[in-house]
Amino acid sequence: MPAYPADRPNDPDTTELVDRIPGWGVDADPANRPAVPKELPVGPAAGVHWDVPEDQPNRESRERSNEHAFLTPVFGTSTPPSGLSGVIRRSAYRFSEGRAAHWLILIGADRVGAAEAHVRSIAQGRPDNPLTETGIGTELSHHGWSSRAGRKRVDNNHAWLDPILVGGPWVAAAAAAGLVSRAALRRARGH
């Protein structure tokens with residue numbers, strides 16, 4: 001049976017689960033389900049003219065969770081994986097979505113992707129501007145401090161850490177560039 005049929009089949013028989021698992025099926029009675037008036041009836045949805053949706057093209061290089069037998073018929077392609085971050089991202093799909101390794105690898109791939117974007121912007125002659133892109137200017141011109149001081153905001157407990165996390169990599173990169181430049185100048189002078 002296809003995974004995405006137009007005539008949504010009824011749920012499988014779960015009577016044995018009701019006997020075995022306390023609380024299972026507590027909302028099986030439509031009178032106990034708050035969404036019942038808005039639920040769609042079982043059967044083909046209005047306007048459906050297919051048995052199984054046609055596959056979207058360009059399926060060969062898409063990531064697929066190993067919990068699923070095949071890729072969904074339609075998927076997003078706004079930012080297909082590319083570069084080193086894409087290689088790292090693809091490696092995450094060897095692991096189950098229920099394992100931390102899957103998600104930690106994806107987070108790492110996002111960080112590598114951010115670094116790739118920074119390098120790409122520098123190579124194209126339009127380097128990132130940390131002052132405007134981090135919102136520091138807005139903090140100074142749009143009452144950033146007064147919106148936090150004396151208020152019971154949940155983000156106040158880590159507000160001191162935000163400048164370090166946002167500005168720290170830029171300061172570290174500038175320091176590294178300075179050290180490399182200094183070493184190059186010393187070598188050029190013959191010291």
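A.B. asks: Is there a simple way to explain the overall build of the chain in this structure?
C.D. replies: When helices and strands are tallied, the chain shows 6 helices and 0 strands. Taken from the N to the C terminus, the helices and strands of the chain come in the order α-α-α-α-α-α. Out of the 191 residues belonging to the chain, those deemed buried represent 11%. Of the contacts formed within the chain by residues at least 6 apart in sequence, a portion of 47% connects residues at least 24 apart. In the form shown here, the chain has an accessible surface area of approximately 15,300 Å², with 61% of it arising from carbon and sulfur atoms.

A.B. asks: So what exactly am I meant to see when it comes to helix α3 (residues 100-123) here?
C.D. replies: An α-helix turns once per 3.6 residues; consequently, residues spaced three or four apart project the same way. Taking 1.5 Å per residue as the helical rise, α3 with its 24 residues ought to reach 34 Å, and the 34 Å between its terminal C-alpha atoms agrees with that figure. Restricting attention to buried positions, one finds in α3 the residues His102, Leu106, Ala109, Glu116 and Ser121. Residues of α3 that are buried in the fold lie against α2 (83-92).

A.B. asks: Looking at this model, I keep getting lost on a nonpolar patch on the surface. Mind explaining?
C.D. replies: On the surface, a nonpolar cluster with roughly 250 Å² of combined accessible area is contributed by Val18, Ile21 and Trp24. Looking at the secondary structure, you find isoleucine 21 in the loop between α1 (15-20) and α2.

A.B. asks: What exactly am I supposed to notice about the side chain of serine 85 here?
C.D. replies: On the secondary structure map, serine 85 appears in helix α2. Accessibility expressed as a relative area gives 8% for serine 85, which makes it buried. Leaving out residues up to four positions away in the same chain, serine 85 has contacts with Ala109, Val112, Gly113 and Glu116.

A.B. asks: Which parts of the structure should I look at to understand the environment of alanine 92?
C.D. replies: Take alanine 92: it is sitting in helix α2. Sequence separation between alanine 92 and leucine 106 is 14 residues, and the spatial gap between their C-alpha atoms is 6.2 Å.

A.B. asks: For this particular structure, what's the right way to read the packing of α2 against α3?
C.D. replies: Geometrically, a packed helix pair is captured by the angle between its two axes and the distance between the axes. It is at 8 Å that the axes of α2 and α3 come closest, and there the two elements cross at 175°. The pairing of α2 with α3 is recorded here as roughly antiparallel in orientation. Facing Gly83, Leu84, Ser85, Ile88, Arg89, Ser91 and Ala92 of α2, the residues of α3 in contact are His102, Ile105, Leu106, Ala109, Asp110, Val112, Gly113 and Glu116. Taken together, the residues of the contact of α2 with α3 break down into 7 nonpolar, 5 polar and 3 charged.

A.B. asks: Can you walk me through the confidence of the model for the chain in this structure?
C.D. replies: In low-pLDDT segments, the atomic positions of the prediction should not be examined closely. Per-residue confidence for the chain averages 78 on the pLDDT scale, and 82% of its residues sit at or above 70. Predicted confidence in the chain is weakest over helix α4 (residues 130-133), with a mean pLDDT of 74, and strongest over α3, with 92.

A.B. asks: What should I look at first to understand the side chain of histidine 102 in this one?
C.D. replies: In this fold, histidine 102 is placed in helix α3. On the basis of relative accessibility, which here comes to 1%, the residue histidine 102 falls in the buried class.

A.B. asks: Explain the environment of valine 87 here, please?
C.D. replies: Of note, valine 87 is situated in helix α2. Measuring from C-alpha to C-alpha, the distance between valine 87 and alanine 109 comes to 8.3 Å, with 22 residues separating the pair along the chain.

A.B. asks: What is the right way to read α2 from this model?
C.D. replies: Within the sequence span of α2, burial applies to Ser85, Gly86 and Ala92. Each buried residue of α2 sits inside an arc of 110° when the element is viewed along its axis, so together they form one side. The exposed residues of α2 that point more than 90 degrees off its buried face are Leu84 and Val87. Looking at the packing, one finds that the buried side of α2 touches α3.

Rules of the game
Residues numbered from 1 in each chain as written. Predicted model: local features only at pLDDT ≥ 70, side-chain atom pairs only at ≥ 80, totals over all residues. Heavy atoms only, no water. Helix = DSSP H or I, 4+ residues; strand = E, 2+ residues; numbered from the N terminus. Buried < 20%, exposed > 50% of the residue type's maximum accessible area, 1.4 Å probe, protein only. Contact = heavy atoms within 4.5 Å. Areas by Shrake-Rupley, 256 points an atom, 1.4 Å probe, with all protein chains shown as cover. Expected span 1.5 Å × (residues − 1). Patch = residues over 30% accessible without salt bridge, like charges linked within 9 Å, V, L, I, M, F, W, Y side chains within 5 Å. Salt bridge = Lys/Arg side-chain N within 4 Å of Asp/Glu carboxyl O. Axes fitted to C-alpha atoms, helices over the stretch in contact; angles between N-to-C directions. Parallel < 35°, antiparallel > 145°, perpendicular 65-115°, else oblique. Nonpolar A, V, L, I, M, F, W, Y, C, P; charged D, E, K, R; others polar. pLDDT = per-residue confidence, 0-100. Arc of directions from axis to C-beta.

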